[in-house]
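Overview (structure and organization)
Each chain, written out:
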Amino acid sequence: MNDRLKIGNQELTSRLFLGTGKFSSNKIMPAAIAAAKAQVITVALRRADQAYPEENILNFIPEDCILMPNTSGARNGEEAVRIARMSRAMGCGDWIKIEVISDNRYLLPDNQETIKATQILAAEGFVVLPYMSPDLMSAKRLVEAGAAAVMPLGAPIGSNRGLQTKEIIRILIEEIELPIIVDAGIGKPSEAVEAMEMGAAAVLVNTAVATANDPVAMAGAFDLAVRAGRQAYLAGLGRVIQSNASASSPLTGFLHE
Amino acid sequence: MEISVNGKPVKIEIAMNLAQFIQSRGFKPQTVVIEYNGEIVKAQTWEGIVLKPHDRLEIVTFVGGG
């Protein structure tokens, strides 16, 4: 099946994006990425601490993956732009996940600042994937600002609470021409299926995999889920009736007649 | 002299350029990006940058994240 997801100039066969945070060890990551069949992998940028010379995370990410650094830690658009430029200077491509957060309790993204950063970075040639609070008008402005995709949250970051924002995500899928990627909140494969059945272009999962008892097996489960959901979306879901029932077998030729 | 590295004061006893500083601190040059007084400086230019008092360095690297 030639069902590719086009983002920027890239055509992806995998619709499962994987984050690299919270894994108990970097060593699990290559197997998790392989099991997820993920092509897009997120990382974060932080101050390097020479007192704790950590293993370079890039050694655990296959070279044919697309690296999508995030701007986590940015509290406004300006900080996100700075982090994005430093990330690009690492020499691992032009993709950037904009993440601007000033709300420390629910970690909800600041859409207005995200739009500002998107505009600046898209003009500088970045492939910009903004993480956002699901909102139609903000999504439209992200499109105008030059985003390559729009990534609404399903539930607060790291919460594993699923598609709490389902109705707005449904509207975004319907109204926004760019790929809608559900980022944050997806905690179970069944929720990934649901997002994909609705027509989400992809899902970004991190905590659900990294905090599973067996992250590699869970990565595989998410791969199956995302592919099942996508195939169901392409197949077109059967209709729902609101009351009573509709027999699946013929209502004629019964043996008692 | 004293410079600022990742927001913390660091004392340097002898004159050195940025490449020497990075090496002396045990950073792996190919895994970091450096902002020197607010400007990103490419690795090829590090040798030509001689550190002076009150310079500000940000030395960053990729870590796991979502």
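Residues numbered from 1 in each chain as written. Chains lettered and ligands numbered in written order. Predicted model: local features only at pLDDT ≥ 70, side-chain atom pairs only at ≥ 80, totals over all residues. Heavy atoms only, no water.

**Comments concerning the overall build of chain B**
Put simply, the rule reads: To qualify as a helix, a DSSP run of H or I must reach at least 4 residues; to qualify as a strand, a run of E must reach at least 2; elements of each kind are numbered from the N terminus. Exposure classes here rest on a 1.4 Å probe applied to the protein chains alone. A residue is buried below 20% of its type maximum, exposed above 50%, and partly exposed in between. Areas reported as accessible are Shrake-Rupley estimates using a 1.4 Å probe. Residue values count occlusion only from the protein chains shown. For the charge count, each Lys or Arg is scored as positive and each Asp or Glu as negative, with His and the chain ends excluded. A charge is said to be at NZ when it belongs to Lys, at CZ for Arg, at CG for Asp and at CD for Glu.
Assigned secondary structure in chain B consists of 1 helix and 5 strands. For chain B, the sequential pattern of α-helices and β-strands runs β-β-α-β-β-β. Considered along the principal axes of its C-alpha atoms, chain B spans approximately 40 × 25 × 20 Å. Taking all 66 residues of chain B together, the buried fraction comes to 45%. As displayed, chain B offers around 3,700 Å² of accessible surface, 53% of which is attributable to carbon and sulfur atoms. The positive charge centre, built from 7 side chains, and the negative charge centre, built from 7, are 4 Å apart in chain B.

**What about the confidence of the model for chain B?**
This is how the line gets drawn: The quantity called pLDDT is the predictor's confidence in a given residue, expressed from 0 to 100.
Chain-level pLDDT for chain B is 94 on average; 100% of the residues reach the 70-or-more range. The weakest mean pLDDT in chain B belongs to helix H1 (residues 18-24) of chain B at 94; the strongest belongs to strand E4 (residues 39-41) of chain B at 97.

**Describing the packing of aromatic side chains**
Note the following rule: Planes of paired rings set the category: under 30 degrees apart is stacked, over 60 is edge-to-face and the rest tilted, where pairs are Phe, Tyr or Trp rings (Trp by its six-membered ring) whose centres lie within 6.5 Å. Geometrically, a lysine NZ or arginine CZ counts as sitting over a ring once it is within 6 Å of the ring centre and also within 35 degrees of the ring normal.
Evaluation of the coordinates by the stated rule reveals 0 aromatic pairs over all chains. Residue placement shows A:Lys97 over the ring face of A:Tyr131; its charged tip is 5.0 Å from the ring centre.

**Examining the interface of chain A and chain B**
Keep this limit in mind: Contacts are assigned to residue pairs with any non-hydrogen atoms lying within 4.5 Å of each other. In this description, buried area is defined as the sum, over both parts, of the accessible area (probe of 1.4 Å) that is lost when the two are combined. Within this document, salt bridges are pairs made up of a side-chain nitrogen of Lys or Arg and a carboxyl oxygen of Asp or Glu, the two lying within 4 Å of each other. Pairing of N or O atoms within 3.5 Å defines a polar contact, subject to two protein rules: one partner must be a possible hydrogen donor and the other a possible acceptor, and residues neighboring in sequence count only if both atoms are side-chain atoms. Just so you know the grouping, Ala, Val, Leu, Ile, Met, Phe, Trp, Tyr, Cys and Pro go in nonpolar, Asp, Glu, Lys and Arg go in charged, and all remaining residues, Gly too, go in polar.
Across the boundary between the two partners, chain A contributes 29 residues, which contact 19 residues of chain B. Roughly 2,200 Å² of surface becomes buried between chain A and chain B when both sides are summed, with 62% attributable to carbon and sulfur atoms. For the pair chain A and chain B, the number of links is 2 salt bridges. For the salt bridge of B:Glu58 with A:Arg47, the shortest nitrogen-to-oxygen distance reads 2.6 Å. In this structure, the connection of chain A to chain B is made through 11 residue pairs in polar contact (both at pLDDT 80 or more). The element that contributes the greatest number of residues to the side of chain A that touches chain B is strand E4 (residues 40-47) of chain A, accounting for 6 residues. For the side of chain A that touches chain B, the residue count by class is 12 nonpolar, 9 polar and 8 charged.

**Some points on the packing of helix H2 (residues 77-88) of chain A against helix H3 (residues 111-123) of chain A**
Residue and element names in this part refer to chain A. Rule in force here: Note on geometry: axes are lines fitted to C-alpha atoms, helical ones only across the stretch in contact, with angles between N-to-C directions running from 0 to 180 degrees. Should an angle fall under 35 degrees it is taken as roughly parallel, and over 145 as roughly antiparallel, whereas 65 to 115 is taken as roughly perpendicular and any remaining angle as oblique. Should the near helix be turned anticlockwise from the far one by less than a right angle, the crossing is termed left-handed; should it be turned clockwise, right-handed.
Remark: H2 packs on H3, axes separated minimally by 8 Å, with the N-to-C direction vectors making an angle of 40°. The pairing of H2 with H3 is recorded here as oblique in orientation. Between H2 and H3 the crossing geometry is right-handed. When H2 is examined against H3, the residues Gly77, Ala80, Val81, Ala84 and Arg85 are found in contact with a partner set consisting of Glu113, Ala117, Ile120 and Leu121.

**Observations concerning helix H8 (residues 215-235) of chain A**
Residues and elements named next belong to chain A. Operational definition: Expected span of a helix: the number of residues minus one, times 1.5 Å.
For H8, built from 21 residues, the straight-helix expectation of 30 Å at 1.5 Å per residue is met to within 8% by its first-to-last C-alpha distance of 30 Å. The complete set of buried residues in H8 reads Pro215, Ala219, Gly220, Phe222, Asp223, Ala225, Val226, Gly229, Arg230 and Ala232. Those residues of H8 that are buried lie in contact with strand E3 (16-19), helix H1 (29-36), helix H6 (189-197), strand E10 (202-205) and helix H7 (207-210). Immediately beyond the C-terminal end of H8, within one or two residues, lies Gly236, with a positive phi of roughly 85°.

**Regarding the packing of H3(A) against helix H4 (residues 136-145) of chain A**
Residue and element names in this part refer to chain A. Look at H3 against H4: their axes get within 8 Å of each other, and the N-to-C directions meet at 15°. As summarised for this structure, H3 and H4 are arranged roughly parallel, according to the angle between their axes. Seen from above, H3 lies across H4 with right-handed handedness. Here H3 contributes Asn111, Thr114, Ile115, Thr118, Gln119 and Ala122 to the contact with H4, which in turn contributes Ser138, Arg141, Leu142 and Ala145. When its residues are assigned to classes, the contact of H3 with H4 shows 4 nonpolar, 5 polar and 1 charged.

**Focus: the nonpolar core**
We count it as follows: In plain words, nonpolar cores are sets of buried Ala, Val, Leu, Ile, Met, Phe, Trp, Tyr and Cys residues tied together by side-chain atoms within 4.5 Å.
In this structure, A:Ile186 and A:Val203 are the most contacted members of the largest nonpolar core, which totals 65 residues. The element that contributes the greatest number of residues to this core is H2(A), accounting for 5 residues. The contact partners of A:Val203, leaving out residues within four places of it in the chain, are A:Arg15, A:Leu16, A:Phe17, A:Ile181, A:Val182, A:Ile186, A:Ala192, A:Ala195, A:Met196 and A:Val226. Listed in part, the 19 residues of the second largest apolar core include A:Ala48, B:Val5, B:Leu18 and B:Phe21.

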